[in-house]
Amino acid sequence: MTEPTSIDVDQYLPHPPAKVWRALTDRQRLATWLMPNDFTPVVGHRFTFRTAPRAGFDGVVHCRVLDVDPERLMRWSWRGGTLDSVVTWTLRSEGRGTRLFLRHEGFDPDDPLQRQALRIMGGGWRSHIMRALEADLAAS
């Protein structure tokens with residue numbers, strides 16, 4: 001069996017794509033449910049996320065906006081510690097809500113730190129982060 005190299009999340013949100021898009025692209029809202037940042041949804045923009053340092057990670061994620069298709073798709077590079085990866089958000093209208101797909105790819109299964117990051121971040125994206133996003137959407 002091959003080791004996984006990506007995290008995939010499929011989440012239904014009972015909010016229209018425009019509202020979900022605002023939560024993904026507004027710097028203050030993004031800081032509420034993900035991490036403090038200096039994000040702007042413009043292709044080529046370099047930005048950082050900041051969190052508490054952990055073993056082998058200084059707490060800074062260096063990113064660059066790779067692709068933006070409003071209310072449909074956004075892709076960022078994501079570099080922190082030994083990880084050099086890509087995060088893709090895809091939104092699809094579904095009924096009265098939005099089907100949100102997240103793919104975080106580029107984990108090296110031969111690197112023990114990246115295998116650990118894949119496991120930890122996979123759980124974080126699927127539970128903590130999606131719950132925080134849903135709470136932000138419900139409050140706005």
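Residues numbered from 1 in each chain as written. Predicted model: local features only at pLDDT ≥ 70, side-chain atom pairs only at ≥ 80, totals over all residues. Heavy atoms only, no water.

What about the sheet that holds strand 5 (residues 83–94)?
Ordered by their spatial adjacency, 6 strands build an open sheet running 1-6-5-4-3-2, and the pairing between neighbours is antiparallel. The open sheet has two edge strands with one neighbour each: strand 1 (6–13) and strand 2 (46–50). Across the sheet, the mean angle from the axis of one strand to that of its neighbour is 25°, orientation sign disregarded. The pairing of strand 2 with strand 3 (residues 60–69) spans 5 bridges and is antiparallel. What sits directly across from arginine 46, in strand 3, is arginine 64. Seen against the sheet, helix 1 (residues 17–25) touches strand 1, strand 3, strand 4 (73–80), strand 5 and strand 6 (97–105) and runs at an angle of roughly 160° to strand 5. (Pairing = 2+ DSSP bridges. Helix = DSSP H or I, 4+ residues; strand = E, 2+ residues; numbered from the N terminus. Axes fitted to C-alpha atoms, helices over the stretch in contact; angles between N-to-C directions. Contact = heavy atoms within 4.5 Å.)

Things to note about the packing of helix 1 against helix 3 (residues 112–139)
Orientation of helix 1 relative to helix 3, taken along the N-to-C sense of each, is 120°, at an axis distance of 10 Å. Crossing hand, helix 1 versus helix 3: right-handed. Across the interface between the two elements, Lys19, Val20 and Ala23 of helix 1 pack against Leu133, Asp136 and Leu137 of helix 3. Of the residues assigned to the contact of helix 1 with helix 3, the class counts are 4 nonpolar, no polar and 2 charged. (Left-handed = near helix turned anticlockwise from the far one by under 90°. Nonpolar A, V, L, I, M, F, W, Y, C, P; charged D, E, K, R; others polar.)

A closer look at the pairing of strand 6
Where strand 1 and strand 6 come together, 8 bridges link them in antiparallel fashion. Counterpart to aspartate 10 in the pairing with strand 6 is phenylalanine 101. Across 9 bridges, the pairing between strand 5 and strand 6 is antiparallel. Note that in strand 6 the partner of valine 86 across the bridge is glutamate 105.

Here we look at the pattern of salt bridges
With the rule as written, the count across this model stands at 6 salt bridges. Measuring nitrogen to oxygen at the nearest pair gives 3.8 Å for the salt bridge that ties arginine 72 to aspartate 69. Exposure remark for arginine 72: the relative accessible area of 53% places this residue in the exposed category. Here glutamate 94 makes a salt bridge to arginine 99, at a shortest N to O gap of 2.9 Å. Here the salt bridges share partners, and the residues they tie into one network are Asp10, Glu94 and Arg99. (Salt bridge = Lys/Arg side-chain N within 4 Å of Asp/Glu carboxyl O. Buried < 20%, exposed > 50% of the residue type's maximum accessible area, 1.4 Å probe, protein only.)

Here's the deal with the environment of arginine 131
With respect to the secondary-structure elements, arginine 131 resides in helix 3. Residues arginine 131 and tryptophan 33, 98 residues apart in the sequence, show an inter-C-alpha distance of 8.5 Å.

Some details on the environment of alanine 117
Examined against the element boundaries, alanine 117 turns out to sit in helix 3. Once the C-alpha coordinates of alanine 117 and histidine 128 are considered, the two residues, 11 residues apart in sequence, prove to be 15 Å apart. In contact with alanine 117, not counting residues within four places along its chain, are Phe107 and Gly122.

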